[in-house]
Amino acid sequence: MLKLFRRNAADYIRANIVAYFFMILIFVIGIVIGAMAVKTLPDEQKIELVGYLRVFFQGLTEQPSGIGTTQSLLTSVIGNNSRLIGIMWLLGFTIVGIPFVLFMVCLRGFVIGFTVGFLVNEYVMKGLLFAIVAVLPHNFLAVPAILATGVAATTFSLMLVRRKHHSKDNLLYNSIAYSVFCLAMLVIMLGAALIEVFVSPVFMKLVAHLIRT
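Residues numbered from 1 in each chain as written. Predicted model: local features only at pLDDT ≥ 70, side-chain atom pairs only at ≥ 80, totals over all residues. Heavy atoms only, no water.

Looking now at the overall build of the protein chain. Looking only at helices and strands, the protein chain has six helices and zero strands in total. By residue count, 36% of the 213 residues in the protein chain fall in the buried class. Carbon and sulfur atoms make up 73% of the accessible area of the protein chain, which totals about 12800 Å². (Helix = DSSP H or I, 4+ residues; strand = E, 2+ residues; numbered from the N terminus. Buried < 20%, exposed > 50% of the residue type's maximum accessible area, 1.4 Å probe, protein only. Areas by Shrake-Rupley, 256 points an atom, 1.4 Å probe, with all protein chains shown as cover.)

Given below as structure tokens:
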């Protein structure tokens, strides 16, 4: 069973290697634009963001997280992740949805690039350390899931375009396979949400103490 899964996964990746390369490129472009956007921020906005970060660091170090706060945060993160995968899944069923899928992937990269870039720009090595513990853990799961969903959505949308000229593709089978794949990516995103809520804050508090000293 495991060998069959590995073989099917390898065949799938080989068949969509160009799509994955292009999706990763879009994501990297988003990261670069986000990092560059830090340099273009007006001084007033930088001061506001630094003030917000100071309040955020103070809250991390001084206020213990309660059960109610954790549950609220978990609900919010799960909701955001579910909406993201759900919207990309729906866009795959539309022929004109590809640009929107690419935009969402690029936007995710922009947010990561801007966050890391701003922290490094303001706090240098301490900011980099905080970015690593705050951004990387859950994105180890979230980013591959988003990229895979983006590839699945674009390839399915392109299949719908080709189907107008060639009716050989089994639409029902492909739709079910596409939906099951997106559901699997949603499960991975739920795992990323658990890491973001329960794991990352532990290390963020430790680094926040270091930044405030």
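Its 23 residues give helix 2 (residues 17-39) an end-to-end C-alpha distance of 34 Å, which sits within 8% of 33 Å, the value for a rise of 1.5 Å per residue. Considered for burial, the residues of helix 2 that qualify are Tyr-20, Met-23, Ile-26, Phe-27, Gly-30, Gly-34, Ala-37 and Val-38. (Expected span 1.5 Å × (residues − 1).)

This part takes up the environment of Met-189. With respect to the helices and strands, the residue Met-189 is situated in helix 6 (residues 171-212). For Met-189, a relative accessible area of 0% corresponds to the buried category. The spatial distance from the C-alpha of Met-189 to the C-alpha of Ser-82 is 7.6 Å, given a sequence separation of 107 residues. Setting aside residues no more than four positions away along its own chain, Met-189 makes contact with Asn-81, Leu-84, Ile-85, Ala-142, Ala-145 and Ile-146. (Contact = heavy atoms within 4.5 Å.)

Here we come to the packing of aromatic side chains. Counted under the stated rule, the structure contains six aromatic pairs. Centroid distance Phe-93 to Tyr-178: 5.4 Å. Interplanar angle 65°. Geometry classified as edge-to-face. Of this pair, Phe-93 sits in the loop between helix 4 (67-92) and helix 5 (98-163) while Tyr-178 sits in helix 6, and the two are 85 residues apart along the sequence. Overall, Tyr-178 belongs to the buried group, its relative accessible area being 4%. On the basis of an interplanar angle of 10° and a centroid distance of 4.5 Å, the ring pair of Phe-156 and Tyr-178 is categorised as stacked. With Phe-156 in helix 5 and Tyr-178 in helix 6, the pair connects residues that are 22 residues apart, well separated along the chain. Across this residue pair, the class does not change: Phe-156 and Tyr-178 are buried. (Phe/Tyr/Trp six-rings, centres within 6.5 Å; stacked < 30°, edge-to-face > 60°.)

Attention now goes to a nonpolar patch on the surface. Residues Val-120, Val-124, Met-125, Leu-128, Ile-132, Leu-136 and Phe-140 make up a contiguous nonpolar surface patch of about 630 Å² in total accessible area. Secondary-structure assignment places Leu-128 in helix 5. For Leu-128, a relative accessible area of 31% translates into the label partly exposed. (Patch = residues over 30% accessible without salt bridge, like charges linked within 9 Å, V, L, I, M, F, W, Y side chains within 5 Å. Salt bridge = Lys/Arg side-chain N within 4 Å of Asp/Glu carboxyl O.)

What follows covers the environment of Leu-160. By secondary structure assignment, the location of Leu-160 is in helix 5. Each C-alpha atom, one on Leu-160 and one on Phe-93, is 7.8 Å from the other, the two residues being 67 residues apart in sequence. Each residue touching Leu-160, except ones within four places of it in the same chain, is listed here: Gly-92, Phe-93, Thr-94, Ile-95 and Leu-171.

Phe-57, Met-88, Val-105, Leu-119, Tyr-123, Phe-130 and Met-189 are the most contacted members of the largest nonpolar core, which totals 49 residues. Secondary structure elements with two or more residues in this core: helix 2, helix 3 (43-62), helix 4, helix 5 and helix 6. The element best represented in this core is helix 5, accounting for 26 residues. Apart from residues no more than four positions distant in its own chain, Phe-130 is found in contact with Phe-56, Phe-57, Leu-60, Leu-119, Met-204, Val-207, Ala-208 and Ile-211. (Core = buried A, V, L, I, M, F, W, Y, C linked by side-chain atoms within 4.5 Å.)

Further remarks concern the side chain of Ser-200. Checked against the element boundaries, Ser-200 lands in helix 6. In contact with Ser-200, other than residues within four places in its own chain, are Val-133, Ala-134, Pro-137, His-138 and Ile-195.

Shape descriptors only; they carry no functional weight alone.
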